[in-house]
Amino acid sequence: MTQYLLSVWHDYDNEVYSSDEEMQQAFEQVDRFNQGLQASGQWVFGGGLMPPSSATVVRAAGSVSMTDGPFAESKEQIGGFWVIEAPDLDAALDLARQASTACMNPVEVRPFQG
């Protein structure tokens with residue numbers, strides 16, 4: 001089976017969830033989704049990430065330099081991820097749909113190189 005990265009994206013400049021109740025609902029839905037992945041044997045690894053402001057970027061072009069904050073110059077940043085195993089892209093896309101529904105945020109699907 002191929003491994004895929006399912007990454008959750010959201011805008012850190014705005015609240016991810018409109019209320020504590022909505023956030024708790026998402027957490028419960030994601031927990032159920034995670035349990036399903038684990039039960040099916042498709043779970044490899046997953047986790048949530050701290051905000052981009054906690055990131056350090058390391059550049060090793062000639063001499064190594066380090067800077068605070070995210071590297072990506074974009075409104076949305078990765079907030080969490082799953083590494084899953086799926087037989088094909090269609091199956092991975094279906095799991096991403098379920099993941100997006102569970103966490104109530106966009107989920108990008110990207111296969112790992114073979």
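Reference entry: report on the structure contained in this document. Keep in mind it's a predicted model, so treat the numbers as computed, not measured.

## Examining helix 2 (residues 89–103)
- Across its 15 residues, helix 2 extends 20 Å between first and last C-alpha, which sits within 8% of the 21 Å expected from 1.5 Å per residue.
- For helix 2, the set of buried residues is A92, L95, A96, A99, A102 and C103. In a view along the axis of helix 2, the buried residues occupy a sector of 120°, so they form one face of it. Residues of helix 2 that are exposed and point more than 90 degrees away from the buried face comprise D90 and T101.
- Taking the backbone nitrogen of D90 as reference, a side-chain oxygen 3.2 Å away marks D88 as the first, capping residue of helix 2.

## Section: the environment of N14
- Its place among the elements puts N14 in the loop between strand 1 (2–11) and helix 1 (20–40).
- On a C-alpha basis, the gap between N14 and P52 in space is 13 Å, while along the polypeptide they are 38 residues apart.
- In this structure the side chain of N14 is engaged in a polar contact, spanning 2.8 Å, whose partner is the side chain of D11.

Quick notes on the rules
Residues numbered from 1 in each chain as written. Predicted model: local features only at pLDDT ≥ 70, side-chain atom pairs only at ≥ 80, totals over all residues. Heavy atoms only, no water. Helix = DSSP H or I, 4+ residues; strand = E, 2+ residues; numbered from the N terminus. Expected span 1.5 Å × (residues − 1). Buried < 20%, exposed > 50% of the residue type's maximum accessible area, 1.4 Å probe, protein only. Arc of directions from axis to C-beta. Polar contact = N/O pair within 3.5 Å; in protein donor to acceptor, adjacent residues only side chain to side chain.

Read these as layout, nothing more, since geometry by itself doesn't imply function.
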